Every structure is written in C-alpha cells, then in structure tokens.
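Residues per chain, in single letters:
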Amino acid sequence: MNPAPLVALVGNPNAGKSSLFNALTGARQKVGNYPGVTVERHSGRFALPDGRPVELVDLPGAYSLEPASPDEAVTRDVILGQQAGERLPAALIVVVDASNLDNHLRFAMQLIGLGLPIVIALNMIDLAKRDGLEIDTSVLARELGVPVIETVAVRKRGLEELKTALAHAVGDGTLKLRAGHGFVHEDLATVQRRARALAMKAIVSESPARRFTHSLDGIALHPVLGPVILAALLFVMFQAVFSWSKLPADWLQAQFDALGGWVNAMLPDGVLRSLIADGVIAGVGAVVVFLPQILILFLFILILEASGYMVRAAFLMDRLMARVGLSGRAFIPLLSSFACAVPGIMATRTIDDPKDRLTTILIAPLMTCSARLPVYTLIIGAFIPDRAVIPGVGLQGLVLFCLYIAGIAGAFVAALVLRRTVTKGRGSGFMMEMPKYQWPRWQDVGLGLLTRAQIFLKRAGTIILFTTVLLWALASFPQAPKGVKQSEYSIAGHIASGVETVVRPIGFNHDISMALIPAMAAREVAVAAIATVYAIDANADDAAASTQLKDRLSKAWPLPTALAFLAWFVFAPQCISTIAVTRRETNGWKWPGFMVGYLFAVAYVAAGATYWLATLAGL
Ligand SMILES: Nc1nc2c(ncn2[C@@H]2O[C@H](COP(=O)(O)OP(=O)(O)OP(=O)(O)O)[C@@H](O)[C@H]2O)c(=O)[nH]1
Ligand SMILES: [Mg+2]
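Residues numbered from 1 in each chain as written. Chains lettered and ligands numbered in written order. Predicted model: local features only at pLDDT ≥ 70, side-chain atom pairs only at ≥ 80, totals over all residues. Heavy atoms only, no water.

Engineer: Before we move on, could you go through the overall build of the protein and cite the residues and values that matter?
Structural biologist: On a plain count of helices and strands, the protein comes out with 28 helices and 11 strands. Every one of the 619 residues in the protein was classed for burial, and the buried ones make up 55%. Long-range pairs, those at least 24 residues apart, make up 73% of the contacts in the protein between residues at least 6 apart in sequence. Counting every atom, the protein has about 26,900 Å² of accessible surface; 64% of that belongs to carbon and sulfur. (Helix = DSSP H or I, 4+ residues; strand = E, 2+ residues; numbered from the N terminus. Buried < 20%, exposed > 50% of the residue type's maximum accessible area, 1.4 Å probe, protein only. Contact = heavy atoms within 4.5 Å. Areas by Shrake-Rupley, 256 points an atom, 1.4 Å probe, with all protein chains shown as cover.)

Engineer: Got a sec to walk through empty space enclosed by the protein? Specific residues and values, please.
Structural biologist: All chains considered together, the criterion is met by one cavity of 30 Å³ or more. At four residues, the largest contribution of residues to the lining of the largest cavity is made by helix H7 (residues 188-202). Within the lining of the largest cavity, the residues separate by chemical class into three nonpolar, one polar and two charged. (1 Å grid on protein atoms, 1.4 Å probe; cavity = no way out; pocket = protein on both sides within 12 Å on 5 of 7 lines; lining within 4 Å. Points joined across faces, edges and corners; volume = space filled by probe spheres on them. Nonpolar A, V, L, I, M, F, W, Y, C, P; charged D, E, K, R; others polar.)

Engineer: Quick rundown of the UniProt feature "transmembrane region" (unreviewed entry) in the protein? Include the residues and the values.
Structural biologist: Here the UniProt-annotated "transmembrane region" (unreviewed entry) positions come out as residues 107-125, 219-242, 330-348, 360-384, 396-418, 456-475, 562-582 and 594-614. The span residues 330-348 carries 68% helix and 0% strand; its end-to-end C-alpha distance comes to 7 Å. In residues 562-582, the share of helix is 81% and the share of strand is 0%. The end C-alpha atoms are 30 Å apart. (UniProt positions renumbered as here; feature names shortened; annotations may be inferred.)

Engineer: A description of the packing of aromatic side chains should follow, citing residues and the corresponding values.
Structural biologist: For any pair of aromatic rings, the description rests on two quantities: the centre-to-centre distance and the angle between the ring planes. In the structure shown here, the tally under the stated rule is 12 aromatic pairs. Site record: aromatic cluster; members linked through ring pairs are Phe 383, Phe 508, Trp 557, Phe 565, Trp 568, Phe 569 and Phe 600. Sitting above the plane of the Tyr 437 ring, Arg 312 keeps its charged end 4.1 Å from the centroid. (Phe/Tyr/Trp six-rings, centres within 6.5 Å; stacked < 30°, edge-to-face > 60°. Lys NZ or Arg CZ within 6 Å of the ring centre and 35° of its normal.)

Engineer: So what's going on with the pairing of strand E1 (residues 6-11)? Residues and values would help.
Structural biologist: Counted residue by residue, E1 has six buried out of six residues, so it is predominantly covered. Where E1 meets strand E4 (residues 53-58), four bridges bridge the pair, whose relative direction is parallel. Of the residues in E4, the one forming a bridge with Leu 9 is Asp 58. Pairing geometry for E1 and strand E5 (residues 91-97), over five bridges, is parallel. Opposite Ala 8, over in E5, you have Leu 92 as the bridge partner. (Pairing = 2+ DSSP bridges.)

Engineer: Tell me what's going on with the site of ligand 1, and back it up with residues and numbers.
Structural biologist: Around ligand 1, the structure places 15 residues, and the nearest of them are Gly 16, Lys 17, Ser 18, Ser 19 and Asp 126. Here a nitrogen atom of ligand 1 sits 3.0 Å away from a polar atom, N or O, in the side chain of Asn 123. Within the contact set of ligand 1, an oxygen atom lies 3.0 Å away from a backbone nitrogen or oxygen of Ala 153. When isolated, ligand 1 has an accessible area of 650 Å², and the protein chains bury 68% of it. For the shell around ligand 1, the element with the most residues is helix H1 (residues 17-25), which contributes three residues. Taken together, the residues of the shell around ligand 1 sort by class into seven nonpolar, six polar and two charged. (Near = heavy atom within 4 Å. Polar contact = N/O pair within 3.5 Å; in protein donor to acceptor, adjacent residues only side chain to side chain.)

Engineer: Which residues make up the confidence of the model for the protein, and what values do they have?
Structural biologist: On average, residues of the protein carry a pLDDT of 85, and 94% of them reach 70 or more. Overall, residues 178-182 carries pLDDT values under 50, and its contacts beyond four positions in sequence, including any with other chains, amount to 10 contacts. Model confidence for the complex is summarised by a pTM of 0.64, with the ipTM given as 0.98. (pLDDT = per-residue confidence, 0-100.)

Engineer: So what's going on with the side chain of Ser 490? Residues and values would help.
Structural biologist: Take Ser 490: it is sitting in the loop between helix H20 (486-489) and helix H21 (491-503). With relative accessibility at 0%, the residue Ser 490 sits in the buried group. If sequence neighbours within four positions are ignored, Ser 490 has contacts with Leu 474, Ala 475, Ser 476, Phe 477 and Pro 478.

Engineer: Provide a residue-level description of the layout of surface pockets, including the pertinent values.
Structural biologist: Of the volumes computed, that of the second largest pocket is approximately 640 Å³. Leu 230, Leu 234, Met 317, Phe 331 and Ile 408 are, among the 29 residues lining the second largest pocket, the residues nearest its centre. Broken down by secondary-structure element, the contributors of at least two residues to the lining of the second largest pocket are helix H9 (225-243), helix H12 (291-306), helix H13 (309-323), helix H14 (331-336) and helix H18 (395-420). In terms of residues, the lining of the second largest pocket owes the most to one element, H13, which gives nine residues.

Engineer: Go over the sheet that holds strand E3 (residues 40-47), please, and point to the residues and values.
Structural biologist: The strands that make up a sheet pair up through hydrogen bonds in the backbone, lying either parallel or antiparallel. Read from one edge of the open sheet, seven strands run E2-E3-E4-E1-E5-E6-E8, paired in mixed fashion. Looking at which strands have only one partner, the edges of the open sheet turn out to be strand E2 (29-33) and strand E8 (148-150). On average, each strand axis in the sheet is tilted by 25 degrees relative to the strand beside it, whichever way the strands run. Running over the sheet, H1 touches E1, E2, E3, E4, E5 and strand E6 (118-123) and is turned about 40 degrees from E3. Along the sheet face, helix H3 (residues 101-112) touches E1, E5 and E6 and points at about 165 degrees away from the line of E5. (Axes fitted to C-alpha atoms, helices over the stretch in contact; angles between N-to-C directions.)

Engineer: Now, about H12: what can you tell me, with residues and values included?
Structural biologist: Spanning 16 residues, H12 covers 22 Å between terminal C-alpha atoms, matching the ideal 22 Å at 1.5 Å per step. Buried within H12 are the following residues: Leu 291, Pro 292, Gln 293, Ile 294, Ile 296, Leu 297, Phe 298, Phe 300, Ile 301, Leu 302 and Leu 304. After H12 finishes, the residue Gly 308 shows a positive phi value of roughly 95 degrees. (Expected span 1.5 Å × (residues − 1).)

Structure below.
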C-alpha cells in the first residue's frame, strides 16, 4: 500500500507553523527524530475534504534555503528530498505572517521558485487587521501563482479553505516533482526587493507608521542610495566625535590641571605628592578627558540601534560580508566590537555555524573599540593639524575615520585569509527581521549613555588607576641622579629599554616602549602611561610641567613614529579582557594564542611599514 502523501509546513520562525500543525492534526501527532541529527520530527495525520489521508510534518522555522543552523539544514533537506528517513513532500504549506509580509514573502518566493506544489497560509491575519493592515489576497495569489488562504491558526480559522486548496495542490499524486531543479540562487538583496515590491502592491491600506517604515526602507535599503547614506552617517559620526567633544574635553582637562596644581601647592615635594599628582591625577586624568568622545560615539550607536536603522545597516553590509566569507549575522557582533570586543565576542553566540563564529571572534579585536579612541585622539590631536580639508570636513576627523576604515579593512582581509586557511568552510546566508522605524526613546538613550559613562569611569578608577600607579612606582624608583632622565634610569626605564630593542626597527621610541607593557591591561592605559612618565620627568623641569601632554608629544616624537604608533594600535591585541573572553568562548588557549600571535605580527608589520614609508616620504 502506498503511504499517504507527505505535506510539509514551512516558513520563517514564529510564522505560526506549529500552531497550524496542531490545529490541523489535533491529537493525531507523533514525535520522532531525524536520523543522525538532534532535530525532532513532528508529524501527524489529517484528512483532505475528499477523504484522502495526508501526513503532515512541522519543519523547523528557517529564513531561507541557505541553512544557518542544523535545524534549518533539516528544513532544506526535507524540502529538496535529501533528508535521510524522509520522503519527498507532495506539497508544501508555506506559512506567512501577514503582519510581516515583506520578510516572510522572501522565503515564500524562494520556495515557490523550487517548483513544488505550494499553498500559502497567510496566517495571523487577525493581528494584521488589528494593526490596521489590509491585504488584497487575490493580488498575492495572482503575482505568486499559488493559492493564498487567510488563516488564524490559534482560532482554527481558514482551515477548511486551506484543506481544499491543498487537495488541489496534492492532485492525484501522479505529478512528477521537480524539487531542486527550479532552485536558482538569487542573491538576498534581489529577492528582498522583489518581496518588498509585492508586499507594497498587495497591501491595500496600512497604518501611517507602517507606511512610513515602508517608504523609508525604499530609500535606506536602496542599492545605491543605501550604502551612500550609511557611509555618510558613519562619516558624520566620526567628525562629531572630534568637533562636539572639544569644549567638554577642554573643560575636563582644565579641571584636572587645576586639581594637579592644587595638589602640587598643598603637599610638600616628595613621594606622596608625586604619587598623587603624577601617578593618579596625570594618569587617570589623561584618560578621563576622553569621556565626552566616548559618549558622543555611543550617542550615535544608541540612536541608530533604537531607531531600527542598525538592522538595515547589517542588511546593507551583508553582501560585502559574504564576499569575505562571513555570515551577515556577524555584523551585529562586529558592530558591538566598535564599543568593546568583549561584548562583541560574546554576541557571536548567535552565529550557529562554528567556523563562521570562530572567524568572527578572531577578527572582532580589529574593530576599533572605544578604548583606542583616547590613543587615537591624543596622537591625532598632537600631530595632525586642526584644519579643514574642504569646508566643513576637518582633517583630524578624516584621519580618525581612516583609522576606523583601516581596522575594518584589516578585519575583512583577515577574514578572507582565515576562511581559506584555518577556518575553511562554506559561509552561510543572512536573514533577519526588519523592525519598524521609530523615534528612539530618549530615556533609554540617556540610560544607555549613563551606563557607558559608568563603565568607562569604573575602568578609569580600577584597572587604569592600578596600572598607572604601578607604572608610576616602577618609573619613579630608583631615583635618578641629577642630570639623568628619570624615565630612563628607573626600573620601568630598564624594562622599556629591553622592549625598545624589539620595537626600534619599527620606529618606536623609549616613551612608547614604556607604554606598551602596561597598555596590555587596557589600551587607554597607553595614554595614562605616557602622561605619568612625562609628569615624572617634568618634575625636574617646572617649565615643562605646565604644557599640555599633546604639545609635549608633538615636540618629542618625529611624525613617522607617531604614525607608526597609530598603525600599531589599529591591529595590536592590547587587551587582557579580550584574550580572556576568547579563551572562554573557544574553550581553550589554542585560539586566543593564535589570535594574539597573528595580530601582533600584523601590528608589527603595519607599524614598520608606516614608519619607513613615512620616513622615505620625508615627513
Ligand atoms: N494572534 C495569532 N497568534 C498566532 C497565530 N498563529 C500563531 N500565533 C502565535 O504565534 C506564536 C508563534 O507560533 P508558533 O506556531 O509556535 O510558530 P512556529 O512557526 O511554529 O515557530 P517556530 O517553530 O519557532 O519556527 C505563538 O505564540 C502562537 O500562539 C494567529 O493566527 N494569530
Ligand atoms: Mg514551531
């Protein structure tokens, strides 16, 4: 006897497949397992209106036919008739969430392209109506070329119509299936565009908010305009980091200077005064003045996230990411890494493919985290003239933008190389729900900024304070005799001289060598360390004590050295926390070891190349 024809329920996650499955099959269900994988097989039976029995399977939700997880792989394999222990379905019921039409139609269109008999269940029609969304089902049916039935799975509405349409689709079972043959790989952006166009056509009316989101997406996701807008936004962001922060940063600097002056006046000359003024105030103060810049950066990130634009940015980046073998899902972890690689690396847990995930972890430290900002801005402030390249575009902001781009480019090249060597494997596609646009809630943005400020100040008060005081101690003893520079005579000075033999070929001087080791604790410490060492040296020389750090740097370092230092920080893995979290997320020392090794090597080469090119160019 022939088994009953198989019908599979397919659709995006949360479309209501399981609800529809329950509504159709009731208590006649069986739960098994697909052989070889840990994915459950839910099946049940029901009768078509003409009395014929069919077997229904509820497949795991998927965004596309390019699986991003073992569950999605089962879905694809069943549909294509390639799943062990499953026969080829005679028809598919594609479940589409009516209130999320463009996202769900995308997958439906891919499935229709396969050429299998299909019935679309336009589910959650109740929620769509509640939201003031009216859909012309006949337009959908005509354009897609398959029956479209409105259903409310949880209310068992539309089931009879669905069964009737299904009976036609299954036919007499003699239809030779062509599954797999009609599968043309269309790129994501094209399908998405077709899906959106169809959704616009089928939607008769919708609430103003939804209409707004739709028309805005027409611009934000436009193949040409979209990337231009994204680039412009990022550009404005980096310009703002410089220009808006100037006043508050100067103000903070003045407060720390006043505090240092006050301590110097109050305390007698000696070890305690040096500890407080040179160690704590100069060191920690040098980092804290960057608070305004960090807050401006986060203001942008928080607004972009809360407004719903961030996911669009991820979508725009997807094709670029795919080109270097990364999943689009890597975008959010990589973007969070602009704040800090630690949460970024933790966010890679959302990437199912282990090799995709590992690649993302290994390149996350190349995204310019906010801890680099103090280093970048100090050096840029000291060495790059504050003038406009063209009216409205400052050179300093431009250089900062380029440093970010250098990090991103480095990450992409690294991904490309890693994907062909240590993390070889096929990349997976990207699918994500597009949330609707909305005004950010200012309370949330404010709260986000407050948390950021707290985290930053806490770092300044703990890890940065600790390492600067330690460095102060190492840099202050033993006391140098008159006429000898304290920073060279001290313990730290001797350690730095050891480091210097390694980094001299790439143009690094004694100051930088001194800063590199404590900067392993956190990158900002490099700034604190330089400030502390200068403060200690300046004690002998009161005239120098009153000049600003960046002015002293610009006198002491040749330009090629400063540029090499910037290049170093683009790549160097100067952060214990990142290494620790990589160890935790990859369960061992192998990958953090690899990461540190390759990043230091790249940093060394990049800094060296920068130094020698700049020197040859006569800068
Ligand atoms: N209002 C309403 N809610 C629905 C409808 N269909 C499903 N739901 C609800 O939507 C949620 C998701 O439904 P599921 O049936 O679990 O979705 P699914 O497609 O099986 O999801 P995955 O298995 O995760 O892919 C549940 O909370 C359901 O109660 C509907 O037609 N109307
Ligand atoms: Mg389900």
